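Read off the chains here:
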Amino acid sequence: MRHYVRLQVSSLVTLCLCLVLTSALLTSLLTMRFSAPLERMARGMLLPIKGEVTSSGSRHDARVESLYVEPHFSGEFRKIMTSQPRTAGQEGNRSVLIRHPKKNDLDPQPVKPRKRFPHAGNVTDEDQILSRAPKCILMGFAKCGTSALLEFLDLHPKIISLDWEPDYFCDRMYQKYDLKWYVKRMPPSLPDQITIEKSPCYIVEHDAHHRIHAFNSSLKVLVLVRDPVTRLMSEHAHYASCQRYWGKTTQSFENRFYNNFTGQFKTEMILKVGDYTPHFQHLLQVFPRDQILIVDGDKLITNPLSQLSRIETFLGLQHEISREDLYFDREKGFYCMHLRQTGERRCMGKSKGRQHEQVNDQFKKKLANFLKPYKEKFFELVGDKFNWM
Ligand code: A3P
């Protein structure tokens, strides 16, 4: 009996050993067979590989000096390598996914389902109403009045603006969708109209600059700026509103941006968007200056026509938007639209023109002082001055 049990145990041990050996052998075979394709797949999707860093932009990308397309990398995806660090202290190469339009990629696309088209009354040939690639993009900055600007521009009969932010050229979307997908999402337009979209992530994600340039190198770029102090207050109002929505507690403006222990401003948080220079500097490395127009977000609030008129000239359009199209709404505290076709009066929604937190003047001054060198650097770069704190 004892002999029988010993025999059973030893055969069980042998079986286990065999199983372990076989699985080890299979694992090493599978690794050899699939590791290269997996790595290639990761490269195609631009997942970080080994020592590489992911491709989302940062303000330090302005240091990028040499970019080249890998010669052996063919097809829809181009990988751009840079030997420059992506952020301070991070060394090594990184990959940027760039998609160059193939034949027909940017062709106008049928609008499905057929959407409301405000200019339909003037259209003789219905087949001309198609989704067209944008010829102008508003790249940012967030909380500078981007939504109001696009809505106001839409008053122009030759401008058709997209009423949502596709964020297409930013990593999150670009890795998922191709150019045809993007063009199909554009609003219906006629051949002589200019489609405009806005996505504030474009200006701060520097890879988006390269992607937009690869998409259309003659595209016109709008960049909206605003006093960085009020911009930050607007960003804070947005944050506070989201916190309230999710039932979370809200930090005060001061606590959020100032460290009382160290007596220092939270540099990274404030400058990520609030220092316009590195972003604009990088944009200038990609697009010629005469294809970029800087729009004054503070004037857009006080005198929108002044900015709309500059944009009409920049886009080579007749000056069509006039005093009759806009009126100051006392209740809203901002300019609103007077739609000629319907006679309707329309203001921006509740999320635009929010009440800002009361911040004491001393703290605002301190913040303005902190931002002063960044502001001056920006003025020097653009060769213009804005009426900022
Ligand atoms: P606040 O809501 O903090 O006042 P964006 O559209 O880029 O998110 O910017 C929002 C900001 O646009 C608003 O910030 C508001 O100050 C500004 N804005 C400019 N013109 C406006 C208008 N006519 N109506 C509403 N908000 C406007």
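Residues numbered from 1 in each chain as written. Predicted model: local features only at pLDDT ≥ 70, side-chain atom pairs only at ≥ 80, totals over all residues. Heavy atoms only, no water.

Identification of the protein as Heparan sulfate glucosamine 3-o-sulfotransferase 5-like from Plakobranchus ocellatus is taken from an unreviewed UniProt entry.

**Q** Go over the overall build of the protein with me, naming the residues and quoting the values.
**A** Secondary structure assignment for the protein yields 13 helices and 16 strands. Looking at the protein as a whole, 44% of its 389 residues qualify as buried. Counting contacts in the protein only where the partners sit at least 6 residues apart, residues at least 24 apart contribute 68% of the total. Here the protein has roughly 21,700 Å² of accessible surface; of this, 54% comes from carbon and sulfur atoms. (Helix = DSSP H or I, 4+ residues; strand = E, 2+ residues; numbered from the N terminus. Buried < 20%, exposed > 50% of the residue type's maximum accessible area, 1.4 Å probe, protein only. Contact = heavy atoms within 4.5 Å. Areas by Shrake-Rupley, 256 points an atom, 1.4 Å probe, with all protein chains shown as cover.)

**Q** Can you lay out the packing of aromatic side chains for me, pointing to particular residues and giving the numbers?
**A** Enumeration according to the criterion identifies 28 aromatic pairs in this entry. Between Phe169 and Tyr202 the ring centres are 5.5 Å apart and the planes differ by 70°, which places this aromatic pair in the edge-to-face class. Pair noted here: Phe169 is in the loop between strand E7 (159–161) and helix H3 (171–174) and Tyr202 is in helix H5 (residues 201–204), with a separation of 33 residues, a long-range link. Take Phe169 and Tyr202: they sit in the same class, and that class is buried. Both rings, one in Tyr276 and one in Trp388, keep their centres 5.7 Å apart while their planes meet at 75°; by these two values the pair is edge-to-face. With a gap of 112 residues between them, Tyr276 in the loop between helix H9 (267–274) and helix H10 (277–286) and Trp388 in the segment after helix H13 (361–382) connect regions that are remote in the sequence. Note on accessibility: Tyr276 and Trp388 belong to one class, buried. Through a chain of ring-to-ring contacts, the aromatic side chains of Tyr168, Phe169, Tyr174, Tyr177, Trp181, Tyr182, Tyr202 and Phe215 assemble into a single cluster. Stacked on the ring of Phe314, the Lys or Arg Lys220 has its end atom at 5.0 Å from the ring centre. Directly above the ring of Tyr327 sits Arg345, whose terminal nitrogen or CZ lies 4.3 Å from the centroid. (Phe/Tyr/Trp six-rings, centres within 6.5 Å; stacked < 30°, edge-to-face > 60°. Lys NZ or Arg CZ within 6 Å of the ring centre and 35° of its normal.)

**Q** Could you give an account of the site of the ligand, naming the residues involved and the relevant values?
**A** Near the ligand you find 18 residues, and of these Thr146, Ser234, Gly353, Arg354 and His356 are the closest. Contacts to the ligand include Lys143, whose side-chain N or O atom sits 3.1 Å from an oxygen atom. Coverage of the ligand by the protein amounts to 98% of the 570 Å² it exposes when considered alone. The element that contributes the greatest number of residues to the shell around the ligand is helix H2 (residues 146–153), accounting for four residues. (Near = heavy atom within 4 Å. Polar contact = N/O pair within 3.5 Å; in protein donor to acceptor, adjacent residues only side chain to side chain.)

**Q** If you had to explain the sheet that holds strand E9 (residues 194–198) to someone new, which residues and values would you point to?
**A** The strand order E7-E9-E6-E10-E13 describes an open sheet built from five strands, whose pairing is parallel. What marks the edges here is a single partner per strand, and that holds for E7 and strand E13 (292–296). In this sheet, neighbouring strand axes are inclined to one another by 25° on average, regardless of whether the strands run parallel or antiparallel. Bridge analysis of strand E10 (residues 220–225) against E13 gives five bridges, and the strand direction is parallel. Within the sheet, the bridge partner assigned to Leu222 lies in E13 and is Leu293. Packed onto the sheet, H10 meets E10 and E13 and runs at close to 155° relative to E13. (Pairing = 2+ DSSP bridges. Axes fitted to C-alpha atoms, helices over the stretch in contact; angles between N-to-C directions.)

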